[in-house]
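# Structural features, examined
So you can see what is in the structure, the chains are spelled out below.
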Amino acid sequence: MFFKKDLLLFLKDWKGISLVLVSPVVLILILGFAVRGISEEKPANYEVKAALVIEGDAEAEIAAFVESLAARPMDDDERTALAAAAEASAPSRLLLDVLEREEVASWATMTPMDAVQAKEALGAGETDAVLTVPAGFDAAGLSRMLLGEGPSASVTIMAGPRSGFGVRMLEETVESFARSLSLHSAVSRQLTEAGVAEAELRSAAWQDVAQPTGGLDPESDMAPVTSYQYYTFSMTVLFVLFIASNTAGRAFREKRQLVYDRIRLADRSPFRYLAAKTASAALFAWLQLMIVFVVVNAVLRVFPGSSVKLWLGLALISAALALFVGGLGALLTAINYRFDKPAAGMLFAGVGVTLMAMLGGSMGPLARMPDWINFLSVWTPNGLALSVYVQWLQELSPGALLQPLLILGVGAALLVAVGGWIFPWRRRAA
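None of the values given here were measured: they were computed from a predicted structure.

Scanning the protein chain from terminus to terminus reveals 19 helices and four strands. Put simply, the protein chain has 430 residues, and 43% of those count as buried. Contacts in the protein chain between residues far apart in sequence, at least 24 positions, make up 79% of those at least 6 positions apart.

The following block contains the structure:
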């Protein structure tokens, strides 16, 4: 009886339904379109045209560096090794090699120009950015890399007034190159100090560090998650949390309207009343999750070629998260009843959900966030569910679901137990 009543009240609450069903779909469309292709293997429509200005002379700077070695107190073999390393590791040559690679050249067109031509082209809108390699870049870079002396070398990127995401990708590529080069130099110096033979160091060719292209380990063979897929999960698991606060708020209104007192006067068990709140919240949470997934997939095809196995896994994960939401609704209801105030549900909807959104990755991927936020994310229900959804989409491995689903299940049981302990079972005397 109580369960049916709660379901009917849920269906009559059009404002609550629109919040948990319509809002995530709208946000998925907006966020997915805004960052479309960022996490895809081959980003579309992000080509960039850049002018490449090389102000120095690599050959002359390498020769000057080699000549400077003659004045240093070292033996001939060491000078020969450093000269060979300078020829092979000139920073400007390594940078050009990176820019000419197919994975970069497919979206970045680099046109050699002098400084005046580049400035005019940028002002006329013929190029999106100007990448400048200053004079002395190779000399300073070689001195820093091979001798550990002198200031660091740097290049500059000047973006045009209408630069887009392609320019930011170019900046990220150059920054990645600089970090990789610095790391290689530092490691080489440490190995030299540790007594590693020069021949072994020279035999190790420099390689830039691969950067992540999506939400996955770059060494993985799995395809990265698209922006639409990520935000489908992140927005849905966030808005489902509002069902818990809605449940608590509706239960408190029933208390104010003396519905709960009439139930007690009818000699109905308070346990059945709280259990009905928990079950109805869990069922509605599961329906909300699955309806959003089905609607978004029908409109945007976020799960192309999806199989029955994929949908069964999504349903199972959603059921575990729904049970947690039901337990959370029971706890908030119990707190509201215990203190005779609706503050618990309102505080959770206003502050609790916001904190969980930030910590759980619902506001965006956590790859560049501090380690402590990444650690805390899996201890929030939305963050844990988000990671499980993504992992299931990538792997379709039932074994990977066992531990996180068990955590959600145990968490739901603890919430129900605490809620049951807090709930005022005895009716207060008038």
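Within strand 3 (residues 129-133), five of the five residues are buried, which leaves it mostly tucked inside the rest of the structure. Every second residue of strand 3 is oriented toward a common face, with Ala129, Leu131 and Val133 on one face and Val130 and Thr132 on the other, all of them buried. Bridge count for strand 1 (residues 48-54) against strand 3 is five bridges, and the pairing is parallel. Along strand 3, the bridge assignment pairs leucine 52 with leucine 131. For strand 3 and strand 4 (residues 156-159), the ladder comprises four bridges, and the chain directions are antiparallel. Its bridge partner lying in strand 4, leucine 131 is registered against isoleucine 157.

It is worth spelling out unusual backbone geometry at this point. Of note in this structure, arginine 301 is not a glycine but carries a positive phi near 55°. Along the chain, arginine 301 falls in the loop between helix 14 (270-300) and helix 15 (308-339). For aspartate 340, which is not a glycine, the phi torsion comes out positive at approximately 55°. Within the element layout of this structure, aspartate 340 appears in the loop between helix 15 and helix 16 (343-359).

Mean pLDDT over the protein chain: 78, with 77% of residues reaching 70 or higher. Across residues 201-221, confidence stays below pLDDT 50; counting only partners more than four residues off in sequence or on other chains, it has 32 contacts.

What links the strands of a sheet is backbone hydrogen bonding, and the strands pair in either a parallel or an antiparallel sense. Taken in spatial order, the four strands line up as 2-1-3-4 in an open sheet, and their pairing is mixed. The sheet is open, and its two borders are formed by strand 2 (108-112) and strand 4, each paired with just one other strand. In this sheet, adjacent strand axes meet at a mean angle of 25° when their direction is disregarded. With five bridges joining them, strand 1 and strand 2 adopt parallel strand pairing. Across the sheet, residue valine 48 finds its bridge partner in strand 2, namely alanine 108. Along the sheet face, helix 5 (residues 91-100) touches strand 1, strand 2 and strand 3 and points at about 150° away from the line of strand 3.

Take the nonpolar core next. One finds Phe233, Ile243, Phe348 and Tyr389 to be the most contacted residues of the largest nonpolar core, which totals 68 residues. Secondary-structure elements contributing two or more residues to this core are helix 2 (14-34), helix 11 (227-239), helix 12 (242-256), helix 14, helix 15, helix 16, helix 18 (381-395) and helix 19 (402-422). Counting residues per element, this core draws most heavily on helix 15, at 15 residues. Those residues within four positions of tyrosine 389 in sequence are excluded, and the remaining contacts are Phe233, Val237, Leu289, Phe293, Leu314, Ile317 and Ser318. Counting 23 residues, the second largest nonpolar core, distinct from the first, contains Val98, Val104, Ala129 and Leu131.

Criteria and cut-off values
Residues numbered from 1 in each chain as written. Predicted model: local features only at pLDDT ≥ 70, side-chain atom pairs only at ≥ 80, totals over all residues. Heavy atoms only, no water. Helix = DSSP H or I, 4+ residues; strand = E, 2+ residues; numbered from the N terminus. Buried < 20%, exposed > 50% of the residue type's maximum accessible area, 1.4 Å probe, protein only. Contact = heavy atoms within 4.5 Å. Pairing = 2+ DSSP bridges. pLDDT = per-residue confidence, 0-100. Axes fitted to C-alpha atoms, helices over the stretch in contact; angles between N-to-C directions. Core = buried A, V, L, I, M, F, W, Y, C linked by side-chain atoms within 4.5 Å.

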